[in-house]
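The residues making up each chain are set out below.
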Amino acid sequence: MTAQELAATLLKASEEQGPKLLHLYVPHLTAAELNTLVHRLKREADRYWNSNVKLSFRLSGYLLLIGDLTKDSYYHALGLWARGDALRRMERDQEALPFLDAAGEDFLALGDEVSWARTRIGRINACLHLNRMTEALRDVAAARDIFVRYGKLVRAGQIDVNAAIINFELGQYEAALRSFDRAIETYQMCNEDVELYIARARGNKALALAAQGRFREAVEMHKQARETFERYGPSEEISLAREDLNIAEIYAAQGHYSQALLLYNQCRETFERHQMLESRAEATHQMCVCLLRLNRSREAYELAAEVVAFFRATSAQRDNLARALMRQASAAILMRRHHEADELLREASDLLAEGGFVRLSAMARLRRADLYYANGELEKSLREVEYVADVFADQEDLPNLAWSMLLQAYIAEAERQLDTAERLSHYALDIAMAQEMLELQYLCYDLLGHLAELHGAIDQAMQYYDRAIQGIDEVQSRLVLEERVSFLEGKGELYRRAMLLALQGRDVPRALTYVEKAKSRALGDYLRNNIDIKFTARDRLSGGQLEDLERLREEQAWYSSIVYGTEGDVNLSDTAIRRIQSIDPAQARKEMLQRERRIEHLLEQVQLRSMSDVIAQPQKQWTNSLVTQLGPKIHSQTLILEYYLAGQDLYIFCLTREGIVVRCLPDAVTRLERLLALLRTNFDLVARTVGTPEQASVCEELQENCLGLLQRLYDILLRPVEGALSACRHLVVVPYGMLHYLPFHALLDGERFVVERVEVSYLPSVSLWDVCRQRGLNTQMRPEVLTRALVLGFSENGWLPQAVHEAEVVAQLLGTQPAVHEQATTTLLQQRGAKSPLVHIAAHGLFRLDAPNFSSIRLADRQLSTIEAFNLDLSSCSLVVLSACETGRAVIGGVDEVIGLGRGFLYAGAASLLPTFWKVEDASSAELMELFYRVLLRGERKVSALAQAQRDFITQMRASERSYRAHPYFWAAFHLIGDAGPLVSPGMVEWDRRESSFSER
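If you're wondering where the values come from, they're calculated on a predicted model, not measured in any experiment. The numbering scheme is per chain: residues are counted from 1 as the chain's sequence reads. Only residues with pLDDT of at least 70 get local features here, since the model is predicted, and only at 80 or more are side-chain atom pairs given and counted; chain-wide, interface and lining totals rely on the full set of residues. Hydrogens and water molecules were not included; the side-chain quantities draw on all heavy atoms of the structure.

1. Structural notes on the overall build of the protein
The following threshold applies: Labels follow the DSSP assignment, with helices taken as runs of H or I lasting at least four residues and strands as runs of E lasting at least two, numbered in each case from the N terminus. Accessibility here uses a 1.4 Å probe with only protein chains present; expressed as a share of the type maximum, an area under 20% marks a residue as buried, one over 50% as exposed, and anything in between as partly exposed. Contacts: residue pairs with any heavy atoms within 4.5 Å of one another. Using the Shrake-Rupley algorithm and a 1.4 Å probe, accessible areas are obtained, with residue cover drawn only from the displayed protein chains. His is not counted, nor are the chain ends; Lys and Arg add positive charge and Asp and Glu add negative charge. To locate a charge, take atom NZ for lysine, CZ for arginine, CG for aspartate or CD for glutamate.
Summing up its helical and strand segments, the protein has 44 helices and 16 strands in all. Overall, the C-alpha framework of the protein stretches about 110 × 70 × 50 Å when taken along its three principal axes. When each of the 1001 residues of the protein is scored for burial, the buried share is 60%. Counted over contacts in the protein with a minimum sequence separation of 6, partners at least 24 positions apart contribute 72%. Per element, the accessible surface of the protein, about 39600 Å² overall, is 48% carbon and sulfur. Measuring between centres, the 115 positive side-chain charges of the protein sit 2 Å from its 137 negative side-chain charges.

2. Some thoughts on helix 14 (residues 237-254)
How we decide: Here the expected span of a helix is defined as 1.5 Å times the quantity of residues minus one.
Between the first and last C-alpha of helix 14 there are 26 Å, a value that for 18 residues agrees with the 26 Å anticipated at 1.5 Å per step. By the criterion of burial, helix 14 is predominantly enclosed, with 14 of the 18 residues buried. One or two residues past the end of helix 14 sits Gly255, with phi positive at roughly 95°.

3. Side note on the sheet that holds strand 10 (residues 856-858)
The criterion, for reference: Strand pairing requires that DSSP identify at least two bridges connecting the strands. Orientation is described by lines fitted to C-alpha atoms, with helices fitted over the stretch in contact, and by angles between N-to-C directions that extend from 0 to 180 degrees.
Strand order in the open sheet formed by three strands is 9-10-11, and the pairing between neighbours is antiparallel. A strand with exactly one partner marks an edge of an open sheet, and here the two such strands are strand 9 (844-846) and strand 11 (863-865). The mean angle between the axes of side-by-side strands here comes to 25°, regardless of whether they run parallel or antiparallel. Both strand 9 and strand 10 contribute to a ladder of three bridges, which runs antiparallel. Opposite Gly845, over in strand 10, you have Ile857 as the bridge partner.

4. Focus: the packing of aromatic side chains
Selection criterion: Between the rings of Phe, Tyr and Trp (Trp by its six-membered ring), a pair exists once the centres lie within 6.5 Å; its type follows the angle of the planes, with under 30 degrees stacked, over 60 edge-to-face, and the other angles tilted.
One pass over the structure, following the stated rule, counts 21 aromatic pairs. Here Phe310 and Phe311 contribute two aromatic rings whose centre-to-centre distance is 5.3 Å and whose plane-to-plane angle is 75°, an arrangement assigned as edge-to-face. Ring centres of Tyr964 and Phe970 lie 5.9 Å apart, and the angle between their planes is 75°; on these two criteria the pair is classed as edge-to-face. Judged by relative accessible area, Phe970 falls into the buried class, the value being 4%. Counting every residue linked through ring pairs, the aromatic cluster contains Tyr643, Phe683, Phe744, Tyr762, Phe917, Trp918, Tyr964, Tyr969 and Phe970.

5. Side note on the packing of helix 15 (residues 257-273) against helix 32 (residues 585-610)
In plain terms, the rule: Convention used here: angles under 35 degrees read as roughly parallel, angles over 145 as roughly antiparallel, angles from 65 to 115 as roughly perpendicular, and any remaining angle as oblique. A clockwise turn of the near helix away from the far one marks a right-handed crossing, whereas an anticlockwise turn of less than a right angle marks a left-handed crossing.
The interhelical angle for the contact between helix 15 and helix 32, taken along N-to-C directions, is 115°, at an axis separation of 10 Å. The angle between helix 15 and helix 32 places the two elements in the roughly perpendicular class. Relative to helix 32, the crossing made by helix 15 is left-handed. Two secondary-structure elements touch here, helix 15 through Ser258, Leu261, Leu262, Asn265, Arg268 and Glu269 and helix 32 through His601, Glu604, Gln605, Leu608 and Arg609.

6. Examining empty space enclosed by the protein
Rolled over the atoms, a probe sized like a water molecule indicates the empty space that remains. Applicable threshold: Buriedness of a pocket was judged along seven lines, with at least five required to meet protein on both sides within 12 Å; pockets are open sets of points on a 1 Å grid over the protein atoms alone, cavities are sets where a 1.4 Å probe fits but cannot get out, and lining residues have an atom within 4 Å of a point. Grid points are joined across faces, edges and corners, and a volume is the space filled by probe spheres set on the points. Polar here means any residue other than Ala, Val, Leu, Ile, Met, Phe, Trp, Tyr, Cys and Pro, which are nonpolar, and Asp, Glu, Lys and Arg, which are charged; Gly is therefore polar.
Tallied over the full model, the rule gives two cavities of 30 Å³ or more. Estimates place the volume of the largest cavity at around 260 Å³. Forming the walls of the largest cavity are 20 residues, and the residues nearest its centre are His740, Pro764, Gly888, Val898 and Ile977. Examining the composition of the lining of the largest cavity, we find that four residues originate from one element, helix 42 (residues 901-907), more than from any other. Grouping the amino acids of the lining of the largest cavity by side-chain chemistry returns 13 nonpolar, five polar and two charged.

7. Focus on the confidence of the model for the protein
Cut-off, in case you're wondering: pLDDT is defined as a per-residue confidence score from the predictor, taking values between 0 and 100.
In the predicted model, the protein carries a mean pLDDT of 88, and the fraction of residues at 70 or more is 93%. Note that pLDDT drops below 50 for residues 989-1001; the model gives that stretch 35 contacts with residues more than four away or on any other chain.

8. Digging into the nonpolar core
Condition: Buried Ala, Val, Leu, Ile, Met, Phe, Trp, Tyr and Cys residues that are joined via side-chain atoms within 4.5 Å together make up what is termed a nonpolar core.
The biggest cluster of nonpolar side chains holds 338 residues, and the ones touching the most others in it are Tyr643, Leu650, Phe653, Leu717, Leu718, Leu731 and Phe932. For this core, the element with the most residues is helix 24 (residues 438-455), which contributes 10 residues. Those residues in contact with Tyr643, other than ones at most four positions away along the chain, are Leu650, Tyr651, Ile652, Leu717, Leu718, Val733, Val734, Pro735, Tyr736, Leu739 and Phe744. Membership of the second largest hydrophobic core comes to eight residues, among which are Ile599, Leu602, Leu603 and Ala851.

9. Observations concerning the packing of helix 5 (residues 73-89) against helix 7 (residues 113-129)
Running from amino to carboxyl end, helix 5 crosses helix 7 at an angle of 25°, the nearest separation of the two axes being 10 Å. Compared by their axis directions, helix 5 and helix 7 come out roughly parallel. Judged by the twist between their axes, the crossing of helix 5 over helix 7 is left-handed. Across the interface between the two elements, Trp81, Asp85 and Arg88 from helix 5 touch Arg118, Thr119, Gly122, Asn125 and Ala126 from helix 7. Each residue belonging to the contact of helix 5 with helix 7 can be placed in one class, and the counts come to two nonpolar, three polar and three charged.

10. Section: unusual backbone geometry
For Arg336, which is not glycine, the phi torsion reads 65° and is therefore positive. Exposure remark for Arg336: the relative accessible area of 69% places this residue in the exposed category. Residues other than glycine seldom take positive phi values, yet Arg416 does so here, at roughly 60°. Looking at where Arg416 falls in the secondary structure, it is placed in the loop between helix 22 (398-414) and helix 23 (418-434).

11. With respect to the side chain of Lys942
The test is simple: Side-chain atoms alone can form a polar contact between residues adjacent in sequence; in general such a contact is a pair of N or O atoms within 3.5 Å, and within protein one must be able to donate a hydrogen while the other accepts it.
Relative to the helices and strands, Lys942 is located in helix 44 (residues 942-958). Taking the relative accessible area as the measure of exposure, Lys942 reaches 0% and is therefore buried. Polar contacts involving the side chain of Lys942 include one to the main-chain carbonyl oxygen of Ser878, which spans 3.0 Å. If sequence neighbours within four positions are ignored, Lys942 has contacts with Ser878, Leu879, Ala911, Ser912, Phe932, Leu936, Leu976, Asp979, Ala980, Gly981, Pro982 and Leu983.

12. Overview of the environment of Val733
Mapped onto the fold, Val733 is located in strand 4 (residues 730-734). A relative accessible area of 0% means that Val733 is categorised as buried. Sequence spacing of Val733 and Thr420 is 313 residues, and the spatial spacing of their C-alpha atoms is 45 Å. Not counting residues up to four positions away in its chain, the partners in contact with Val733 are Leu641, Tyr643, Phe744, Val760, Ser761, Tyr762 and Leu763.

13. Some details on the pairing of strand 4
Counting buried positions over the five residues of strand 4 gives five, a clear majority of the element. Neither face of strand 4 is open: one carries His730, Val732 and Val734, the other Leu731 and Val733, and all of them are buried. One ladder, built from five bridges, connects strand 1 (residues 638-646) with strand 4; its direction is parallel. Across the sheet, Ile640 pairs through a bridge with Val732, a residue of strand 4. Relative to strand 5 (residues 759-762), strand 4 runs parallel, the two being bridged by four bridges. Residue His730 lies in a different strand from strand 5, and its bridge partner there is Glu759.

14. A look at the pairing of strand 8 (residues 838-842)
In terms of burial, strand 8 is largely enclosed, as five of its five residues are buried. Here strand 8 shows two buried faces, one formed by Leu838, His840 and Ala842 and the other by Val839 and Ile841. In this structure, strand 6 (residues 790-793) lies alongside strand 8, joined through four bridges in parallel fashion. Looking across to strand 8, one finds that Gly793 is bridged to Ala842. Pairing of strand 8 with strand 12 (residues 879-883) involves five bridges; the strand directions are parallel. Residue pairing across strands places Ile841 opposite Leu882, the latter belonging to strand 12.

Here it is as C-alpha cells:
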C-alpha cells in the first residue's frame, strides 16, 4: 500500500483499525513515503477542524503514533501541534495548551523557528479563550518577525489578527482596527489563495467597528465575510454561523429583535449539530438581550441561568460566564429581584477584574447602575454610570456610551435637573440616530417629550411623543406576532401622555389614533397588511422538529386532561389510564406548562423563518387617516364608541359619519372596577346554581341585584353619550382593559336592556372595522351556499347533551348535515373550513387565564387551541359561532392586546365571530341559537339577528314559568365581534324557511 493509499484508508478507518494499519505499514515505508504520509495526515487534520473535529483529533493521534514508531522528533512535534489545535477546536483550550507548548519546544530544539511561530497562532487563540491576555501577547511580536523574515505572509497576517483580537478584548479598538487592516494588507500581498483568511479578518474587524457603534460598516463587513464562507459550503458552516451570530448581535443592538432571534436560533442549531456546546451557550446568552427588550424577562432569566450553570461547569470561558451572569442580573432587575441581581453582578465583576476585561467590566458596572436606579438609589446609580460613561468614551464605545447617557438623563430628570436631562438625552439621541438604534431613539424621544411637557412646551412635547410612537411602530413592524404583544408591555404611559396632550390641543382624531396604536396592534397590523403566519408545508422545519411538535401537542393535551379533570371524557387506552393514575395534578400542571412553552418556542421559530422577508423590512406605518377616513363609511344610524382608561379617568370617543367627539368622566375607574367585580360575582353565583333544585329561587333573588349593577354601569358608560345612542340603530363597542369583559348589550337604562333599544356588536380595535366589513362583503353569498356550512356538535360523552341537539337543529335550519359525536373533529374543521361559509361549533370550551394561547374547544379527536385556530383557513367564512363556555374571554397583553380564542379565528379569516363571555348553560344556549338562526336566515344582518334572538328570549322567559331565565346570565354571554352585515347578499333572500319538528327543551 502506497503512502497516499494508506492516508486515504486511515481517513475512513475506525479508531481501532487505524493504529493497527500504522503498525502494519509504517515500518515498510521509505523515508520519502513516510514524509508524504505525515504531511498528508497533518493537512487533513487541519482541513477537518470545522467540519469534523473528531476526525481531526483522531488524525493527530496517528501523527503522534508515527512519531513514536519512527522515533522521529519532527513527526512527534507535528502530532502534538495537531492534537493541540484539535482540542482548541473542540473548545478544550486548557487541555490544548500543554500540547502546543510541547510542540513549540520540540520545533525550537530542531531549529525550526517557523514551525514554532506557527504553533503560537493556536496558543494565542487558546489564551484568548482562557482570558489570559498578557500571556497571549507574549509571543506575538517574535512570531510575526519570524514569519515576515521567512516570507510567510499568511502566517504574519494571522498573527496580526490575533494581536487585533487581544486589543479588542482589552477595549483598545483603534489599535485593534489598525492590526486588522495590517493583516488584510498582508494577506493581499500573498500570491496564494487567501480568500478565507481575508474573510475571517474582515469578520473580526467588524466586531471592533460594532463596538464603536459603527453598525452599518460592521454589518456590511460581516456580510462580505459571510458571502465568502457561503461559497465554500459545508466546510465553512461554522464560520458562517459565527458571522450570523455577530450580525444578530448588531441587529439586537439596533432593535431588530425578530431578525436577531432568527439568526440566534439558526446559530444554536448549527453549533448543536456540530456538538460545539460552548458556542451554543454563547449564542443562547446573547439572545437574552432580545428577550429582555421584548419584556420576556422570565424566559431570559431561565435561559441565562442555564448558561450560567453550563459555564460554571467548564474550566474556561470566564468572560462568557460573566456575560451570562450579567444577562441573568438584567432579567432579575426587571423581575424586581434586586438582591439576587446584586449578587450576580458582584460575581460577574470579580470574574472580569481577574481577566482584565475593561469593556466588559464597564458593562457590568452599567448593569449595577441600572440596579441602583431601579432600587431608587439615585446617588449610587449616578456614581457608577458617570464612571462607565468615561470608560466608554475613552474606548469610543458609542452604543454603551449612549445607554449610559440616557440613564444619566433619567437620574437628572428624577432629581428635577431638567436642563441636564435634556442635554444628555440629545447626546444619546444623536448617537442612536447615527447608528439606527431604534429602541434607544424612541426612549430618548419619550424622555424629551416628558421634559418638554414639564417645561410647559406643549407643542414640542407633542412632537417628541409623536416621534417616540413612530419609533415604537418601526420596531414593532419588524416583529412577529407574539413578540409584538410582549414588546408593548409597559409602554402604555407613553400613549396616555400623548393622547392627553392631543386632547389638550383639541386634536381629537390624533388622540384617538394614539389610543388605537396601543390596541390590538399585533392582530390589527397582521390583518391590515395580509401577513401570512400560518404553519404550512413551506415552513423550514426538519422532520424531527415536526415530529417534536406533534408529540408535544399530544402530551400537552394529555396532561391538560389531568389538570382540568377531563381524562374521563376522552377515549384512552388502559396504558394511558394507568399513567394518569400514577401522576398527581400538581406534577401534571408542571409537565403541561413545560410542553406549552416548548410548543410556543417551536411555533415562534416557524414564524421567524416563514416571515424572514417581512421582518427584514419595516411595514408601512399608519397615521391619523386610518381613523379619520372611516367617517364616510360609517352608516348614518351607526355609532361607534371607543373606550379608554387613563389613570382613574374614563374617556369615551364617539365616532359617527359626522366626525369624532370625546367625553371624559373623571375618577370613574375605581367605580367601574368595583361594579364589574360585583357583576362577576353575581354571574358566578348564578352559574353555581344551574341544574340544582334551588336554581329558580336563587336566580330570582340575584336578578334584582344584577339589574341594579347593570344600571349603574350604564350610568357611567352610556349615559354620558345618551343623545348619540338614542339616534342610532347599531352600536359598535370598542372596549378597553377590563371593559373587554363586560356585556354592554345587557346594560340597563332603567327600563330596558341596551339590546332592547339598539343592535350591539364589538370590535377589539376600531381600525379593524373596515377590515371586518370588507371581509363581510367579500363573503356574502347566495342562500344555497349555506348548505356547505360546517356544523360540529360534541357532547363530551354525554356531559353536554344539548350540544349535539343544538348542532342538529342548526344544521337542519341551514340545510346541511351536522358532524356530531366522534365525527366532530378538529381534522374535519381543518379540511372543510376553507370552503365553509359558516362554521358553528357546539362543544365544551376551556379558558386559560394563565396561558390564553392554550384556551381551547374540546372536539372528538382533541382540543382546538388558540394557536391551532390561527392556522385554520376561514377566508370564505362569514361567521364563526363558538357555542361553548368562555370562548370570548381573553387576557389583555401589551397595552390593550386581546389574547384569546377569538383572535385566532379572526386571524384565520372569519369576517365575524359569535363567542361567549362566560360559562354558558347548555339548554339556554341551544334555545338562543335556534332563535338566532331563524332570524338570520330571513336575510337579516348578523347583528340584527342576534339582537332579535336575545329580545325574543327575554320576552319568552318573562312570560314563562321560568322567568328567572330572563337573568342576563342566560342570554347575554353571546356577543358579535367583527362584521355586522348579512350572510346572504341583498336581493337574494329566497330561502326555504323550513319549519323544524323538534320540541322545546
